[in-house]
Amino acid sequence: MDNKIKKTGILIFTFSCLVAFGQKVSDYKYIAVPEKLESFKRDYGVKDFFIQSLKAKKYEVISATKGQWPTEIGGNACNVIFADVKDDSSWLVNKVILEFKDCNDKVILESKARTDIKEFEEGFQDAVKKAMVNVYASNPTVNLAAVENTQRVEVQPVKEAPVQTQTKEAATTTFTTSTATKFSNGKLNLQKIKLADDQFILADPNSSVPYATFKATAKKDVFRVKLANGESTLGYIENGNIVIEMPQANGDFSRDVFTGK
């Protein structure tokens, strides 16, 4: 009986090993795959097999080169997961590691698997197939296309008497202090206005277009953000402050921190 249990344990272990970190690969629609799998001496068809496996799970596979990305992504690397397949083989045993990283180069999923097939091409592909068991089908938390049209709002300056009114026209909504609170980054004084349980904006009282529109993700206090210029990025709540990861011309991001007043 003990030997059966040990053998079963060994079979489970050798099938695949999973290391997960908070975020989920399935939260994303787009996965970038490198032009070449650097750890393999030859490709052995691994890259094509990996791409086919991802597409079978409803992912959109794109180039790792930012200039070739679809316009829906908006050039924002935080809308993309970066995947790689690594050769982890030992003597006479073909093994692979599937590694998925976010825009901050943080590993969010690492799936390992081995195979008893000795031939390289068939063996590596079999190992990838086993490791893909730990990769769930794409189920994006936000449809990027849905946030392309920024909601236009009209904001009145904050008054002492808390009053909320709403116009009859569907296209324009007027908000006052019952839904608005003040935030500043030292240069801009904006109002935070709740539109729904999962959505709010930062708006300038003198502008009809929000400075930023926030849509909740599956992760607490993390938001998809649509900026006034049409760019998409991420934002989050940190110690009561609203932080926006602002895209820079060189592809990097800077923190724009708004503190409540």
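In what follows, the structure referred to is the one given above.
Criteria and cut-off values
Residues numbered from 1 in each chain as written. Predicted model: local features only at pLDDT ≥ 70, side-chain atom pairs only at ≥ 80, totals over all residues. Heavy atoms only, no water. Buried < 20%, exposed > 50% of the residue type's maximum accessible area, 1.4 Å probe, protein only. Helix = DSSP H or I, 4+ residues; strand = E, 2+ residues; numbered from the N terminus. Arc of directions from axis to C-beta. Contact = heavy atoms within 4.5 Å. Phe/Tyr/Trp six-rings, centres within 6.5 Å; stacked < 30°, edge-to-face > 60°. Lys NZ or Arg CZ within 6 Å of the ring centre and 35° of its normal. Core = buried A, V, L, I, M, F, W, Y, C linked by side-chain atoms within 4.5 Å. Disulfide = S-S within 2.5 Å.

Caption draft 1: Structural detail: helix H2 (residues 46-56). Buried residues of H2: Val 46, Lys 47, Phe 50, Ile 51, Ser 53 and Leu 54, and no others. The buried residues of H2 all sit within an arc of 160° when viewed along its axis, so they share a single face. Among the exposed residues of H2, those oriented more than 90 degrees off its buried face are Gln 52, Lys 55 and Ala 56. Buried positions along H2 lie against strand E2 (30-33), strand E3 (60-63), strand E4 (80-87), strand E5 (94-101) and helix H3 (120-131). Phi turns positive, to about 75°, at Lys 58, one or two residues after H2.

Caption draft 2: Region of interest: the packing of aromatic side chains. Scanning all chains against the criterion turns up ten aromatic pairs. For the ring pair Phe 50 and Phe 100, a centre distance of 6.3 Å and an interplane angle of 55° mean the geometry is tilted. Of this pair, Phe 50 sits in helix H2 while Phe 100 sits in strand E5, placing them 50 residues apart in sequence. Aromatic pair Tyr 211 and Phe 258: ring centres 5.6 Å apart, planes at 70°, arrangement edge-to-face. Remark: Phe 258 occurs in strand E16 (residues 253-260) and Tyr 211 occurs in the loop between strand E11 (199-203) and strand E12 (212-216); sequence separation between them is 47 residues. Overall, Tyr 211 belongs to the partly exposed group, its relative accessible area being 21%. Among the aromatic residues, ring-to-ring pairing joins Phe 40, Tyr 44, Phe 120 and Phe 124 into one connected group. Cation over ring: Lys 192 sits above Phe 200, and NZ or CZ is 4.7 Å from the ring centre.

Caption draft 3: Inspection of the environment of Asn 206 at higher detail. Of note, Asn 206 is situated in the loop between E11 and E12. Classification of Asn 206 by relative accessible area gives exposed; the value is 75%. It is 9.8 Å that separates the C-alpha atoms of Asn 206 and Leu 190, two residues lying 16 residues apart in sequence.

Caption draft 4: Molecular detail of the nonpolar core. Among the nonpolar cores identified, the biggest contains 27 residues, and Ile 31, Phe 50, Val 85 and Phe 100 are the most heavily contacted of them. Sorting the residues of this core by element identifies E2, H2, E4, E5, strand E6 (107-115) and H3 as the ones contributing at least two each. Not counting residues within four places of it along the chain, the set of residues in contact with Ile 31 comprises Val 25, Leu 54, Tyr 59, Glu 60, Val 61, Ile 62, Ile 81, Ala 83 and Phe 100. Counting residues in hydrophobic clusters, the runner-up holds 13 residues, among them Phe 200, Phe 214, Phe 223 and Val 225.

Caption draft 5: Main features of the state of the cysteines. Counted by the stated rule, this structure contains one disulfide. Residue pairing for Cys 78: its cysteine sulfur links by disulfide to Cys 103, the two sulfurs lying 2.1 Å apart. Negative torsions about the S-S bond denote left-handed disulfides, and the value of about 80° found for Cys 78 with Cys 103 makes this one right-handed. Highlighted residues: Cys 78 in the loop between E3 and E4 and Cys 103 in the loop between E5 and E6, separated in sequence by 25 residues.

By themselves these figures say nothing about function.
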